[in-house]
Amino acid sequence: MANDRRVSRVSSLIKREVSQMLLMEIKDDRVGAGMVSVTDVDLSHDLQHARIFVSIYGNKDAKAETMAGLKAAAGFVRRELGQRIRLRRTPEVVFLEDSSLERGDQMLHLLDHIKSDRPPEDDDSDISDQ
């Protein structure tokens, strides 16, 4: 239980620090400021591996380019985390694209499409006079 709280706390710290690095410190042109946001950090229970999920705004090519930039910056990010967060060992960092926002948007679009295809319901038909 205490370990779960620690993992959660360290995950939150990593998310905050990496978000800050994306805004201010990563100089790679492929990683556009404001176009990438950290959505989640999945940290292993032994604190040795951090999977950092990012949401990227843009088309397919821009996303691929941004992911390449993030992959290239992983060493820098790990080094910076090691200096900012006091841990026995700094976790290995892997960036993964989080497409859940896009999937949610697609789902909303499909639901709107289904709703617009249905005939309007007559509200009075369900009311019974008792």
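Residues numbered from 1 in each chain as written. Predicted model: local features only at pLDDT ≥ 70, side-chain atom pairs only at ≥ 80, totals over all residues. Heavy atoms only, no water.

Per an unreviewed UniProt entry, the recorded name for the protein is Ribosome-binding factor A, and the organism is Microcystis novacekii Mn_MB_F_20050700_S1D. In its Function (unreviewed entry) section, UniProt records this for the protein: "One of several proteins that assist in the late maturation steps of the functional core of the 30S ribosomal subunit. Associates with free 30S ribosomal subunits (but not with 30S subunits that are part of 70S ribosomes or polysomes). Required for efficient processing of 16S rRNA. May interact with the 5'-terminal helix region of 16S rRNA." Checking UniProt for the protein, the heading Subunit (unreviewed entry) contains the comment "Monomer. Binds 30S ribosomal subunits, but not 50S ribosomal subunits or 70S ribosomes." (UniProt positions renumbered as here; feature names shortened; annotations may be inferred.)

Visitor: What am I meant to see in the overall build of the protein here?
Guide: Helix and strand counts for the protein stand at three helices and three strands. The N-to-C order of helical and strand elements in the protein reads α-β-β-α-β-α. Buried residues in the protein amount to 29% of all 130 residues. Sequence-distant contacts in the protein: of pairs separated by 6 or more residues, those separated by 24 or more amount to 64%. A total of about 9,500 Å² of accessible surface is found on the protein, and carbon and sulfur atoms cover 51% of it. (Helix = DSSP H or I, 4+ residues; strand = E, 2+ residues; numbered from the N terminus. Buried < 20%, exposed > 50% of the residue type's maximum accessible area, 1.4 Å probe, protein only. Contact = heavy atoms within 4.5 Å. Areas by Shrake-Rupley, 256 points an atom, 1.4 Å probe, with all protein chains shown as cover.)

Visitor: In this structure, what is going on with the side chain of Ser11? I would like to understand it.
Guide: Checked against the element boundaries, Ser11 lands in helix H1 (residues 2-24). Residue classification places Ser11 among the buried positions, given a relative accessible area of 11%. Discounting residues that sit within four places of it in the chain, Ser11 has contacts with Val41 and Leu43.

Visitor: I would appreciate a short explanation of a nonpolar patch on the surface in the present structure.
Guide: Together, Met107, Leu108, Leu110, Leu111 and Ile114 give the surface a local cluster of nonpolar side chains, amounting to about 500 Å² of exposed area. In this structure, Leu111 sits in helix H3 (residues 100-117). (Patch = residues over 30% accessible without salt bridge, like charges linked within 9 Å, V, L, I, M, F, W, Y side chains within 5 Å. Salt bridge = Lys/Arg side-chain N within 4 Å of Asp/Glu carboxyl O.)

Visitor: Can you walk me through helix H2 (residues 60-84) in this structure?
Guide: In an α-helix, one full turn covers 3.6 residues, which means residues spaced three or four apart are oriented alike. If you look at H2, its biggest bend is around 45°, right at Ala73. Of all the residues in H2, the buried ones are Lys63, Thr66, Met67, Gly69, Leu70, Ala73, Ala74, Val77, Glu80 and Leu81. With a side-chain oxygen positioned 3.2 Å from the backbone nitrogen of Asp61, the residue opening H2 is Asn59. (Bend = angle between axes of the 7 residues up to and from the residue. Polar contact = N/O pair within 3.5 Å; in protein donor to acceptor, adjacent residues only side chain to side chain.)

Visitor: Can you walk me through the nonpolar core in this structure?
Guide: Across soluble globular proteins, nonpolar side chains have a tendency to be buried as a group. Of all hydrophobic cores here, the largest spans 26 residues; its most connected members are Ile14, Val18, Ile52, Val54 and Phe95. If you list the elements that add at least two residues to this core, you get H1, strand S1 (36-43), strand S2 (49-56), H2 and strand S3 (92-97). When neighbours within four sequence positions are excluded, Ile52 is seen to be in contact with Ile14, Val18, Val38, Asp40, Val41, Val93, Val94, Phe95 and Leu96. (Core = buried A, V, L, I, M, F, W, Y, C linked by side-chain atoms within 4.5 Å.)

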